[in-house]
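Geometric and topological summary
The lines below spell out each chain.
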Amino acid sequence: MSRTARVERTTAETKVLVELDLDGSGQADITTGVGFYDHMLHQIARHGGFDLTVHTVGDLEIDAHHTIEDTSLALGTALDEAVGNKMGIRRYGSATIPMDEVLVRAAVDLSGRPYVVHDEPALAPYIGPVYPTSMTRHIWESFGQSGRLTLHVSVLRAARPGGHPDAHHVVEAQFKAVARALREAVSIDPRSAGAVPSTKGLL
């Protein structure tokens, strides 16, 4: 069974193409015009074990908000479509990821019910020239909404001795943790006999 999706999303502000293969090898072809966000989407592909193509053209002459938001929405839609009827998947996944001084925990439930809890410390306002750190929460909210999933992301530790949190490490560890949690949640459970992992019989 092919677990793939192709999503095209076009608005007056952005044009987004996402192609996703849940059973890939971590290959990625990503261009959004926001360098740090490209780097983060590469983490989703590599650590999730997904093949991922993302091509976005957005109104970066205004700011990065629409580009990042619409790409996140399209990625969530692609995940939801690729998972399909969810028969035989594990449904739940979690990961705790260290990145130097940072420790992040992510937990996901492919429940069909969008709900996001996000907890991170105050960070420097930008990573690189155009990625606003305030967008990280909005990425998870947009992704959870269109992906119809429950997602908890918590930064458990971020402090550096005598300094402020390293925003790059804090955000990157979140993407790696979410990727690893998704990898587990979408994987096929050999003990499930192909059943939907819910007493309701539907997700």
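The coordinates are above.
This report concerns the structure included in the present document. (Residues numbered from 1 in each chain as written. Predicted model: local features only at pLDDT ≥ 70, side-chain atom pairs only at ≥ 80, totals over all residues. Heavy atoms only, no water.)

1. Here's the deal with the pairing of strand 6 (residues 102-109)
Here strand 5 (residues 92-99) runs beside strand 6; their pairing, made up of eight bridges, is antiparallel. From the neighbouring strand, A95 faces strand 6, where its bridge partner is A106. Hairpin connection of strand 5 to strand 6: two residues between the antiparallel strands, including D100 at a positive phi of 55°. As paired strands, strand 6 and strand 10 (residues 150-157) are joined by seven bridges and run antiparallel to one another. Considered in strand 10, the bridge of A106 is made with V153. (Pairing = 2+ DSSP bridges. Helix = DSSP H or I, 4+ residues; strand = E, 2+ residues; numbered from the N terminus.)

2. As for the sheet that holds strand 3 (residues 28-31)
The strand order 1-2-4-3 describes an open sheet built from four strands, whose pairing is mixed. Only two strands of the sheet have a single partner each, and these edge strands are strand 1 (4-10) and strand 3. Sheet twist, expressed as the average angle between the axes of neighbouring strands with direction ignored, equals 5°. Sheet topology note: the strand 2 (residues 14-21)/strand 4 (residues 51-58) ladder contains eight bridges and is antiparallel. Within the sheet, the bridge partner assigned to K15 lies in strand 4 and is V57. Along the sheet, helix 1 (residues 35-48) makes contact with strand 3 and strand 4, crossing strand 3 at roughly 160°. (Axes fitted to C-alpha atoms, helices over the stretch in contact; angles between N-to-C directions. Contact = heavy atoms within 4.5 Å.)

3. Brief notes about the sheet that holds strand 10
Taken together, the four strands give an open sheet; going across it, the order is 5-6-10-7, and neighbouring strands pair in mixed fashion. Looking at which strands have only one partner, the edges of the open sheet turn out to be strand 5 and strand 7 (115-119). Across the sheet, the axes of successive neighbouring strands diverge by a mean angle of 10°, strand direction being ignored. Against the sheet, helix 4 (residues 167-186) contacts strand 5, strand 6, strand 7 and strand 10, and its axis sits at roughly 150° relative to strand 5.

4. Let's talk about the nonpolar core
Counting residues in each nonpolar core, the largest one holds 58 residues, and the members touching the most others are L79, L110 and Y131. Sort the elements by how many residues they give to this core and helix 4 lands first, with 12 residues. When near neighbours in sequence (up to four residues on either side) are disregarded, L110 contacts L79, V83, K86, I89, R91, R148, L149, A185, V186 and L203. (Core = buried A, V, L, I, M, F, W, Y, C linked by side-chain atoms within 4.5 Å. Buried < 20%, exposed > 50% of the residue type's maximum accessible area, 1.4 Å probe, protein only.)

5. Overview of the pairing of strand 10
Across five bridges, strand 7 lies against strand 10 in parallel orientation. Bridge assignment links H118 to a residue of strand 10, and that residue is V153.

6. Remarks on the pattern of salt bridges
A full pass over the atoms with the stated rule returns eight salt bridges. One salt bridge connects R3 with D23, and the closest N-O pair in it is separated by 2.8 Å. Within this pair, whereas R3 is found in the segment before strand 1, its partner D23 is found in the loop between strand 2 and strand 3, the two being separated by 20 residues in sequence. According to the relative accessible area criterion, D23 is partly exposed, its value standing at 46%. (Salt bridge = Lys/Arg side-chain N within 4 Å of Asp/Glu carboxyl O.)

So, to be careful, I would describe these as geometric facts and stop short of saying anything about function.
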